[in-house]
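Read off the chains here:
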Amino acid sequence: SQQIALFDPATGKARGLLTGHTSWVNHVSFSDDGKRIAGAGWDHAVRIWQVAGRKLLRSIRSHRYAVNAVVFTRDGKFVISASDDQHLRRSVVSTGRTTTNRRSPAVIVWLAPDGRAYFFSGGHYIRYASLGNEFVDDGFPRTISGHWGDLPPAFEASIDHAFVLFAIGGNNLRNSLTALLLIGV
């Protein structure tokens, strides 16, 4: 859908729609303070809304193809987006200006509570100790298989399964779980 439906997690009742994307929405993420939502779309854009009032704050069109994933940095000042154009981009939320552009086939982005940034594609992933680092951590890329411990074989076989398990699994992945609760219509 081109819209993001908001639901009350306690009651399941619809609370409104976020509009602005002109094609399918691929991914949704909350800022850590819960005040903003970012959407990644087939329209090559990242869009950011204020939750209260459902106001579209910013449209960032820095990718040439569909945007697969978007996450806010822990401080909420930046969004990191991954696209079919094989690039990761870090953009300033307040201005939309892209400050970092890295070539990567990542389709899923996850920021761990310790500040490490993980980027997944197919059965592989890379890690940066910090988003400010220019280079990937030593020993990466790695395969998902064999590096994540006692996880179900479906997880280790493909990132498509991994994302579902991430979202349903850990408490540290509030953004992904919430995104699954919000996508609709």
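The structure contained in this document is the topic of the report that follows.

1. Notes on the overall build of the protein chain
So, point 1. Looking only at helices and strands, one finds three helices and 14 strands in the protein chain.
So, point 2. Burial statistics for the protein chain: of 185 residues in total, 45% are counted as buried.
So, point 3. Considering only intrachain contacts with a sequence separation of at least 6, the fraction spanning at least 24 residues in the protein chain is 33%.
So, point 4. Total accessible area computed for the protein chain in this model is approximately 9,300 Å², and 52% of it derives from carbon and sulfur atoms.

2. A closer look at the pattern of salt bridges
So, point 1. A complete count under the given rule lists four salt bridges for this structure.
So, point 2. The partner of Arg74 in a salt bridge is Asp32, and the shortest N-O contact between them spans 3.2 Å. Placement of Arg74 in the loop between β7 (67-72) and β8 (78-83) and of Asp32 in the loop between β3 (25-30) and β4 (36-41) is noted, with a sequence separation of 42 residues between them.
So, point 3. Note that Arg127 is salt-bridged to Asp137, the shortest N-O span being 2.7 Å. Residue Arg127 is found in strand β13 (residues 124-128), and its partner Asp137 is found in the loop between β13 and β14 (142-143); the two are separated by ten residues along the sequence.
So, point 4. According to the relative accessible area criterion, Arg127 is buried, its value standing at 16%.

3. Thoughts on the nonpolar core
So, point 1. Within the largest apolar cluster, eleven residues are counted, these being Ala69, Val71, Ile80, Ala82, Leu88, Val109, Leu111, Ala117, Phe119, Ile126 and Tyr128.
So, point 2. Elements represented by at least two residues in this core include exactly β7, β8, β11 (108-111), β12 (117-121) and β13.
So, point 3. By size, the runner-up hydrophobic cluster in this structure holds ten residues, among which are Val46, Ile48, Ile60 and Val70.

4. A closer look at the pairing of β4
So, point 1. Burial of β4 is extensive: six of the six residues sit out of reach of the surface.
So, point 2. Side chains Arg36, Ala38 and Ala40 project from β4 onto one buried face, and the interleaved Ile37, Gly39 and Gly41 project onto a second face that is buried too.
So, point 3. Across five bridges, the pairing between β3 and β4 is antiparallel. Paired with Val25 across the two strands is Gly41, which belongs to β4.
So, point 4. In this structure, the hairpin formed by β3 and β4 is closed by a connection of five residues, where Gly34 is found at a positive phi of approximately 75°.
So, point 5. Sheet topology note: the β4/strand β5 (residues 46-50) ladder contains five bridges and is antiparallel. When the sheet's bridge partners are listed, Ala38 is paired in β5 with Ile48.
So, point 6. Connecting β4 to the antiparallel partner β5 that follows it, the hairpin turn spans four residues, and His44 within it adopts a positive phi of roughly 70°.

Rules of the game
- Residues numbered from 1 in each chain as written.
- Predicted model: local features only at pLDDT ≥ 70, side-chain atom pairs only at ≥ 80, totals over all residues.
- Heavy atoms only, no water.
- Helix = DSSP H or I, 4+ residues; strand = E, 2+ residues; numbered from the N terminus.
- Buried < 20%, exposed > 50% of the residue type's maximum accessible area, 1.4 Å probe, protein only.
- Contact = heavy atoms within 4.5 Å.
- Areas by Shrake-Rupley, 256 points an atom, 1.4 Å probe, with all protein chains shown as cover.
- Salt bridge = Lys/Arg side-chain N within 4 Å of Asp/Glu carboxyl O.
- Core = buried A, V, L, I, M, F, W, Y, C linked by side-chain atoms within 4.5 Å.
- Pairing = 2+ DSSP bridges.

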